[in-house]
Amino acid sequence: MESCLQTVCAAIVAAEEPQAILLYGWKRSPIDETLREVNLCLVVKANAKGVEHRLYRKLEADFAVNLLVYTADDWARLSKDATSYVAGIRQKGVLLYGKA
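On a predicted model such as this, the values are computed, not experimentally measured, just so you know.

**Some points on helix α1 (residues 3-16)**
When the terminal C-alpha atoms of α1 are compared, their 20 Å separation across 14 residues agrees well with the 20 Å that a helix rising 1.5 Å per residue should span. Along α1, the residues that are buried comprise Leu5, Val8, Cys9, Ile12 and Glu16. All buried residues of α1 lie within an arc of 100° about the axis, which places them on one face of the element. Among the exposed residues of α1, those oriented more than 90 degrees off its buried face are Ser3, Thr7 and Ala14. Check the buried side of α1 and you find it contacts β1 (20-28), β2 (35-44), α2 (51-58), β3 (64-71) and β4 (94-98). Just downstream of α1, Glu17 is the residue with a positive phi angle, here 50°.

**Comments concerning the nonpolar core**
Judged by nonpolar contacts, the single largest core of 20 residues is most densely connected at Ile12, Val38, Leu40, Leu42, Val65 and Leu67. Contributions of two or more residues to this core are made by α1, β1, β2, α2 and β3. A per-element tally of this core places β2 first, with five residues. Excluding anything up to four places from it in sequence, Ile12 contacts Glu17, Pro18, Ile21, Leu40, Leu42, Leu55, Leu59 and Leu67. Ranked by size, the runner-up nonpolar core spans nine residues in total, among them Ala20, Leu22, Val43 and Trp75.

**Side note on the environment of Thr83**
Counting through the fold element by element, Thr83 comes out in the loop between α3 (72-79) and α4 (85-92). Sequence spacing of Thr83 and Ile21 is 62 residues, and the spatial spacing of their C-alpha atoms is 21 Å. Polar side-chain contacts of Thr83 include one of 2.6 Å to the side chain of Asp81.

**Comments concerning the packing of α1 against α2**
Remark: α1 packs on α2, axes separated minimally by 11 Å, with the N-to-C direction vectors making an angle of 130°. By the angle between their axes, α1 is oblique relative to α2. Here α1 runs over α2; the crossing is right-handed. Only Val51, Arg54, Leu55 and Lys58 of α2 make contact with α1, whose side of the interface consists of Ile12, Ala15 and Glu16. Along the lines of polarity and charge, the residues of the contact of α1 with α2 split into four nonpolar, no polar and three charged.

**What about the side chain of Glu16?**
In this structure, Glu16 sits in helix α1. Here Glu16 is in contact with Val51, Arg54 and Leu55, once residues within four sequence places are set aside.

Rules and cut-offs
Residues numbered from 1 in each chain as written. Predicted model: local features only at pLDDT ≥ 70, side-chain atom pairs only at ≥ 80, totals over all residues. Heavy atoms only, no water. Helix = DSSP H or I, 4+ residues; strand = E, 2+ residues; numbered from the N terminus. Expected span 1.5 Å × (residues − 1). Buried < 20%, exposed > 50% of the residue type's maximum accessible area, 1.4 Å probe, protein only. Arc of directions from axis to C-beta. Contact = heavy atoms within 4.5 Å. Core = buried A, V, L, I, M, F, W, Y, C linked by side-chain atoms within 4.5 Å. Polar contact = N/O pair within 3.5 Å; in protein donor to acceptor, adjacent residues only side chain to side chain. Axes fitted to C-alpha atoms, helices over the stretch in contact; angles between N-to-C directions. Parallel < 35°, antiparallel > 145°, perpendicular 65-115°, else oblique. Left-handed = near helix turned anticlockwise from the far one by under 90°. Nonpolar A, V, L, I, M, F, W, Y, C, P; charged D, E, K, R; others polar.

In structure tokens form, the structure reads like this:
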């Protein structure tokens, strides 16, 4: 994992203590291959309300960070539905932190 992405993950863990962080999408510059955007999915214990807003205010990165936040209960329930977006993230995403 790139150090800039590690820094973002560390900031998320320090701020919100998620159960899991998954990388499910990214874009790089076609010119120099630097990271331009990442899509991260967070699984939090409970009460996901406000997590995105707080993190968007705290996170500092040289690339765009897009967040999806699910409670552990919603994650477990939606993971069982093979047609859900969560199931796709779980299958194709890369676990960066925790356990999903």
